[in-house]
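Residues per chain are reported as follows:
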Amino acid sequence: MSVLAQQLLLGLLLGGLYGLAAAGLSLVFGVLKVLDVAHGELIMLGGYMAFFVVALLGIDPFASLLLVLPLSLLLGLTLYWGLFGFVVRADEETRVKNSLLIGFGLALALHALAVQLWTADERSIVTPYGGAVLSVGGLSIPVVRLVSLALAFALIGGLHLLLARWRWGKAIRATAEDWQAALLTGIDVRRAYLLAFAIGTALAGAAGTLVTIGYSVSPSIGLEWTLKALIVVVLAGLGSMIGTFVGGLLLGVAEAASAAAFGGPYREVVGLVIFVVVLVVRPRGLFGR
Amino acid sequence: MLEIRDLDAAYGDIRVLSGVTLSVGAGEIVALLGPNGAGKSTLLNAVAGLLRPRAGSIRFDGHDLAAVSPHLIVEHGLALVPEGRRLFGGMTVEDNLELGAFAPRARATQAAGLERVFALFPDLRDRRRQLVRALSGGQQQMVAVGRALMTNPRLLMLDEPSLGIAPRLVRSIMESLAEINRSGVAVFLVEQNVQAALGLAHRGYVLESGRVARHGSAAELLGDPHVRRAYLGPLAVRE
């Protein structure tokens with residue numbers, strides 16, 4: 001029993017990162033109607049940024065977020081100006097098709113670039129308190145992963161406030177709902193796209209940082225994270241960042257439960273089953289509008 | 001104020017407007033009438049910048065609107081209440097209205113604009129924190145007109161504001177348009193409800209198959225046998 005509870009707890013802690021990874025993808029898809037399948041590679045780049053920031057500056061791993069977030073924001077601006085800004089000029093149907101092509105191309109390029117620059121080795125960030133564990137009622141909670149979950153939640157909360165209160169946050173939500181109506185109220189829709197893409201990339205960077213601290217990074221983790229994020233976006237639906245985070249937690253727990261019930265190899269299967277079932281039963285997702 | 005000359009517009013290969021010339025003067029209420037598919041909405045969308053015309057010119061106070069980015073057209077004092085209202089349903093009444101004042105010129109007068117909208121539609125004041133999608137059709141139309149007013153327009157264009165709204169509310173919407181007009185805003189109105197539209201308007205144009213088929217004062221159009229037969233029905237002819 002306590003073994004199962006321990007596994008579910010670890011699933012929950014991992015699920016927070018799924019939620020954070022999905023939030024950026026959900027924001028970009030919801031606002032730009034562009035499916036960025038290179039989102040996992042952006043997470044991977046964020047992980048390497050954190051790795052080198054910590055290795056070069058010797059600061060606390062979690063403090064590296066203070067640098068990785070703005071760096072990823074800049075990366076997002078660059079990618080929008082260089083690539084995705086052209087995709088959003090097409091009508092919505094063409095956008096999804098073109099973004100898939102560009103996204104896969106970008107994913108392959110970034111993967112190859114990462115292997116060239118940093119080799120295919122797995123890397124992780126060693127923290128002085130890496131082995132610390134909190135014992136609560138017979139459960140062992142790894143401190144690093146608990147802090148990661150708390151930070152992921154804080155970032156999602158911050159994003160929620162940003163979209164709810166900030167003038168441009170409201171403009172981003174308006175653009176997501178109806179971009180033509182947004183134009184009629186004087187919103188520069190292209191700028192809303194740019195901001196949403198940059199924020200989405202910054203979230204990917206943050207997710208990559210936490211993944212590298214709690215787990216590890218290598219050039220090939222991108223596809224797996226894109227897949228997880230995609231499952232969570234379908235599971236949770238568009239329109240609510242808190243809902244996306246909860247969706248991530250649910251996926252983490254569901255994976256852990258199925259690994260416990262059917263054995264480790266079935267861990268990945270349950271996510272795909274959830275993906276299909278949600279698409280059939282509730283296509284707009286659990287919390288979608 | 002608004003001068004449209006020889007306007008051609010098309011969706012893909014389908015030509016919707018051919019050589020449309022019309023104008024709206026400062027302080028006027030002008031109705032644009034015509035059957036479904038005549039191109040009325042297309043005309044308004046072209047003026048608002050949602051659709052690029054094939055040929056012809058659209059000038060507003062002498063500015064060529066073809067050279068203006070769509071999101072900057074409201075800055076010239078031109079607002080559209082689109083067909084079907086197109087509100088941000090997941091947001092509150094207040095958020096919708098505030099987004100109407102997003103552009104710099106309107107933002108400077110946002111507080112006064114909000115008071116103006118609430119004075120015009122007192123119902124909205126109590127519902128300012130409600131989600132728009134929870135409101136009735138009539139209330140949503142008030143929000144839609146309110147959002148456009150928040151842009152502080154000199155010309156307000158409306159695409160079928162009476163669509164899907166209870167008849168009692170249609171009259172109150174028309175009355176509020178008259179009131180908006182009295183405050184110095186020109187109104188350009190596309191409407192299927194010809195009786196209501198010509199009751200309000202000073203002048204009107206009839207658009208058929210993408211061309212201006214008739215134009216004149218509201219009284220002239222109401223007395224025109226073709227308009228009566230085509231748009232007011234047999235009852236009106238017998239009257």
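Preceding this section is the structure that the text describes.
Colleague: Can you walk me through the overall build of chain B in this structure?
Modeller: Secondary structure summary: chain B contains ten helices and ten strands in total. Against the globule reference of 18 Å for 239 residues, chain B gives a C-alpha radius of gyration of 17 Å, in line with a compact fold. Based on the C-alpha atoms only, the size of chain B along its principal axes is roughly 50 × 45 × 30 Å. The buried share of chain B, reckoned over its 239 residues, is 55%. Long-range pairs, those at least 24 residues apart, make up 67% of the contacts in chain B between residues at least 6 apart in sequence. Across chain B, the mean location of the 27 positive side-chain charges is 2 Å away from that of the 24 negative side-chain charges.

Colleague: Sorry if this is basic, but what is going on with the sheet that holds strand 8 (residues 186–190) of chain B here?
Modeller: In sheet architecture, strand pairing relies on hydrogen bonds along the backbone and comes in two forms, parallel and antiparallel. Residue and element names in this part refer to chain B. If you walk across this open sheet you meet the six strands as 6-7-8-3-9-10, and the pairing is mixed. Either end of the sheet is taken by a strand with one partner, and the two such strands are strand 6 (78–81) and strand 10 (211–217). Pairwise comparison of adjacent strand axes, ignoring direction, gives a mean angle of 15° for this sheet. Summarising the sheet, strand 3 (residues 29–33) and strand 8 pair through four bridges and their orientation is parallel. Residue pairing across strands places Leu 32 opposite Val 190, the latter belonging to strand 8. Helix 1 (residues 40–48) rests against strand 3, strand 6, strand 7 (155–159), strand 8 and strand 9 (203–208) of the sheet, and its axis sits at about 145° to strand 7. Each of strand 3, strand 7 and strand 8 is contacted by helix 7 (residues 167–182), which is oriented at about 150° to strand 8, the strand it contacts most.

Colleague: Can you help me understand the pattern of salt bridges in this one?
Modeller: Where charged atoms from two side chains of opposite charge approach closely, those side chains can pair. Taken as a whole, this structure holds 14 salt bridges over all chains when the rule is applied. Here Asp 95 of chain B ties to Lys 170 of chain A by a salt bridge, and the two come within 2.9 Å at their closest N and O atoms. Placement of Asp 95 of chain B in helix 2 (residues 93–100) and of Lys 170 of chain A in helix 6 (residues 167–177) is noted, with the two residues assigned to different chains. Judged by its relative accessible area of 12%, Asp 95 of chain B is buried. In this structure, Arg 214 of chain B and Asp 224 of chain B form a salt bridge, with 2.8 Å as the shortest nitrogen-oxygen distance. Of this pair, Arg 214 of chain B sits in strand 10 while Asp 224 of chain B sits in the loop between helix 9 (218–223) and helix 10 (225–238), placing them ten residues apart in sequence. Arg 214 of chain B sits in the partly exposed class, given a relative accessible area of 30%.

Colleague: How should the interface of chain A and chain B be read in this particular structure?
Modeller: Note on interface size: it is often stated as the accessible area lost on association of the parts. Listed by partner, the interface residues are 18 residues for chain A and 23 residues for chain B. In total, chain A and chain B occlude about 2000 Å² of area from one another, counting both sides; carbon and sulfur atoms represent 60% of this. If you sort the residues of chain A by the area they bury against chain B, Arg 167, Leu 184 and Thr 185 of chain A come out on top, with a joint share of 33%. Where chain A packs against chain B, one counts seven residue pairs in polar contact (both at pLDDT 80 or more). Of all the secondary structure elements, the ones that give two or more residues to the side of chain A that touches chain B are helix 6 and helix 7 (179–184) of chain A.

Colleague: Looking at this model, I keep getting lost on the layout of surface pockets. Mind explaining?
Modeller: When its volume is computed, the second largest pocket comes out at roughly 490 Å³. As for the second largest pocket, its lining consists of 22 residues, and the residues nearest its centre are Trp 179, Gln 180, Leu 183 and Arg 190 of chain A together with Leu 50 of chain B. Put simply, the parts of the chain that give the lining of the second largest pocket at least two residues each are helix 4 (92–118), helix 7 and helix 8 (189–214) of chain A.

Definitions and cut-offs
- Residues numbered from 1 in each chain as written.
- Chains lettered and ligands numbered in written order.
- Predicted model: local features only at pLDDT ≥ 70, side-chain atom pairs only at ≥ 80, totals over all residues.
- Heavy atoms only, no water.
- Helix = DSSP H or I, 4+ residues; strand = E, 2+ residues; numbered from the N terminus.
- Rg over C-alpha atoms; globule rule 2.2 N^0.38 Å.
- Buried < 20%, exposed > 50% of the residue type's maximum accessible area, 1.4 Å probe, protein only.
- Contact = heavy atoms within 4.5 Å.
- Lys, Arg positive; Asp, Glu negative; His and termini not counted.
- Charge placed at Lys NZ, Arg CZ, Asp CG, Glu CD.
- Pairing = 2+ DSSP bridges.
- Axes fitted to C-alpha atoms, helices over the stretch in contact; angles between N-to-C directions.
- Salt bridge = Lys/Arg side-chain N within 4 Å of Asp/Glu carboxyl O.
- Buried area = accessible area lost by both parts, 1.4 Å probe.
- Polar contact = N/O pair within 3.5 Å; in protein donor to acceptor, adjacent residues only side chain to side chain.
- 1 Å grid on protein atoms, 1.4 Å probe; cavity = no way out; pocket = protein on both sides within 12 Å on 5 of 7 lines; lining within 4 Å.
- Points joined across faces, edges and corners; volume = space filled by probe spheres on them.

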